[in-house]
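Commentary on secondary and tertiary structure
Read off the chains here:
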Amino acid sequence: MATFCFPSKFIKWIMICLTDTSYSLMMKGRLQGSFAGRKGLRQGDPISPLLFVLVMEYLTRLLNQVAQHREFHFHPLCKNLHLVNLCFADDLILFCKGNFRSLNLLMDGFLRFSQSSGMSANLNKSHIYFGGVAADVKNNILSSILIEEGHFPLKYLGVSLKPTRWQVADCSEIIKKLVIQEIDRICRNFLWGANGHRSKFHCSSWSQVRLPKSLGGMGFKEGSNWNKVLLAKFIWAVSTKQDVLWVKWIDALYLRGQSFWSYHLKPDVSWYWRKLCYLREEFSEANLVNSLQRVPVAFAKAVWSRLTVPKHRFILWQSILGHLLTRDNLIKCQISVNSCLCPVCERAEETHQHLFFDCSFSHQVWELTKSWLGSAIWPKKFVQWKMWLEGKPKNIEHRIAVASLAAAVYGIWCNRNTCYFSHCSSTPLRLVYMNRLSLKARFFGCLSQKCLDKNIAIAELVRSL
Ligand SMILES: [Zn+2]
């Protein structure tokens, strides 16, 4: 610390912290005496990482001094950056050219560090790695130092490193855990339900589902896009030439002062760098402007209102897009069905318009819903729903009307499925009664007392449910 020119008073404080440590023993919940510490700080002491950084800074400076020796040669790829060491916590990697003299100078430097700091490397846990070194030089080096030869891939901070191209077999561990398609498959199965290894049949495409809610989708985070967003952070770092080691490395090795956007990709670059360069097109100015100019759908706010029960929102969203698996949709998708008639009334072809409006069962549901909701009058034509959802002011009355509409749509759809699969039907009275119970719980959970106090008519309606 004196060499780093810290004030002597400060050094004295630190030394007091180091030499005056004492440890108390607690047994069965009671303090049972204490003893003085003789060997510095224990692991986990708040001051220890700060001091450790200073010690490592000393090591780095010492090794930089070694690198200035005229007989020392850098590792070929570290030459431009004058890089000799990488350290993170107690992991240390040293680099030099694969010759005896450079290695010897490096070891001498490290020995000097050990003697002055009292910290030495555990040789049983240390390895030496060679790349492109002649066999006789390698044997000569191995016979003179007590470090075992290591083999790639080398694990550093839990990540495997290797100098040559990765093969599928090398990554199997990562692939098993992190393959993006696998994550997407799990998400799809979660959303639609699984049929063995595949998700059940549905009409909404994955590209629709993954769109943001404001653009008519469900806002599902898609694995590959999410990955691109994370990679965009690297692109930003490289293109703005941030002052971090890996960006400097990229600059020294590939860009050599050129702009990331105009760099011409060469064939002999690493896989990872190539992938980043391929992404340039997606993050180009024209593409970004294009994606920012996409027009939001006006019904999104109404459909995804917090006042609506979540499972009701999902069915309402599908019904607005006309994506529920009614019999007309099944026929369009060339799925064989026994009949095209509505499974509830069996009097007309099953379409979204019939099921939700023209069917006698649904007609009764709407009448009963309207009788307690009072003012809510939504269009009787399915195709006009969207406009109704888009056009209304987004006040509390409207949100309650939308939540009630969504509950009715959900109930009608569930009853239709019971008719289809179990050949029995609920009654409109019972369906509306169940809806009122779930809406009451939702409204009381979501509307604040302040809001209910302000809207007496709404408060009365909610209480009457
Ligand atoms: Zn019907």
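Before going into details, it helps to say that this report is about the structure given with it. Fair warning: this is a prediction, and the values are worked out from it, not measured in the lab. (Residues numbered from 1 in each chain as written. Predicted model: local features only at pLDDT ≥ 70, side-chain atom pairs only at ≥ 80, totals over all residues.)

A few words now on the overall build of the protein chain. For the protein chain, the count of helices and strands is 21 helices and 10 strands. Relative to a compact globule of 465 residues, whose C-alpha radius of gyration would be 23 Å, the protein chain shows 34 Å and is clearly more extended. Considering only C-alpha atoms, the protein chain reaches an extent of 95 × 65 × 40 Å along its principal axes. For the protein chain, with 465 residues in total, the buried portion stands at 17%. Taking as baseline every contact in the protein chain between residues at least 6 positions apart, the subset at least 24 positions apart corresponds to 52%. (Helix = DSSP H or I, 4+ residues; strand = E, 2+ residues; numbered from the N terminus. Rg over C-alpha atoms; globule rule 2.2 N^0.38 Å. Buried ≥ 20, exposed ≤ 12 C-beta atoms within 10 Å, placed from the backbone. Contact = placed C-beta atoms within 7 Å.)

Packing of helix 13 (residues 310-320) against helix 18 (residues 396-422) brings their axes to within 8 Å, and their N-to-C directions diverge by 80 degrees. One element, helix 13, and the other, helix 18, form an angle in the roughly perpendicular class. Taken together, the residues of helix 18 that come into contact with helix 13 (itself represented by Lys311, His312, Arg313, Ile315, Leu316 and Ser319) are Ala406, Ala407, Val409, Tyr410 and Trp413. Grouping the amino acids of the contact of helix 13 with helix 18 by side-chain chemistry returns seven nonpolar, two polar and two charged. (Axes fitted to C-alpha atoms, helices over the stretch in contact; angles between N-to-C directions. Parallel < 35°, antiparallel > 145°, perpendicular 65-115°, else oblique. Nonpolar A, V, L, I, M, F, W, Y, C, P; charged D, E, K, R; others polar.)

Quick look at the nonpolar core now. Judged by nonpolar contacts, the single largest core of 35 residues is most densely connected at Val303, Ala406 and Val409. Elements with a minimum of two residues in this core: helix 12 (300-303), helix 13, helix 15 (352-358), helix 16 (360-373), helix 17 (385-391), helix 18 and helix 19 (428-446). With 11 residues, the single largest contributor to this core is helix 18. When residues no more than four places from it in sequence are discounted, the contact partners of Ala406 are Thr308, His312, Arg313 and Leu316. Ranked by size, the runner-up nonpolar core spans 13 residues in total, among them Leu59, Cys96, Leu106 and Phe110. (Core = buried A, V, L, I, M, F, W, Y, C linked by C-beta atoms within 7 Å.)

Another point: the environment of Leu355. Here Leu355 shows up in helix 15. The sequence separation of Leu355 and Gly445 amounts to 90 residues, and the corresponding C-alpha distance is 31 Å. Leaving out residues up to four positions away in the same chain, Leu355 has contacts with Thr326, Cys342, Glu350, Ser362, Ile412 and Arg416.

Among the six residues in strand 1 (residues 22-27), zero count as buried, and that is only a small part of the element. Sheet analysis places strand 1 next to strand 2 (residues 30-36), joined by five bridges and oriented antiparallel. Directly across from Met27, in strand 2, lies its bridge partner Arg30. Hairpin connection of strand 1 to strand 2: two residues between the antiparallel strands, including Lys28 at a positive phi of 50 degrees. (Pairing = 2+ DSSP bridges.)

In this fold, Val244 is placed in the loop between helix 8 (223-239) and helix 9 (245-255). A count of 11 C-beta atoms within 10 Å places Val244 in the exposed class. Taking the C-alpha atoms as reference points, Val244 and Cys342, separated by 98 residues in sequence, lie 65 Å from one another.

The next thing to look at is helix 3 (residues 100-117). Helix length check: helix 3 (18 residues) gives 26 Å between terminal C-alpha atoms against 26 Å at 1.5 Å per residue, within 8%. Along helix 3, the residues that are buried comprise Ser102, Leu103, Leu106, Gly109, Phe110 and Phe113. The arc enclosing the buried residues of helix 3, seen along the axis, measures out at 125 degrees, which places them on a common side. Looking at helix 3, the residues exposed on the side facing more than 90 degrees away from the buried face are Phe100, Asp108, Leu111 and Gln115. Summarising the contacts, the buried residues of helix 3 are in contact with helix 2 (48-67), strand 4 (91-94) and helix 4 (135-144). With its phi angle positive at about 80 degrees, Gly118 sits one or two positions after the end of helix 3. (Expected span 1.5 Å × (residues − 1). Arc of directions from axis to C-beta.)

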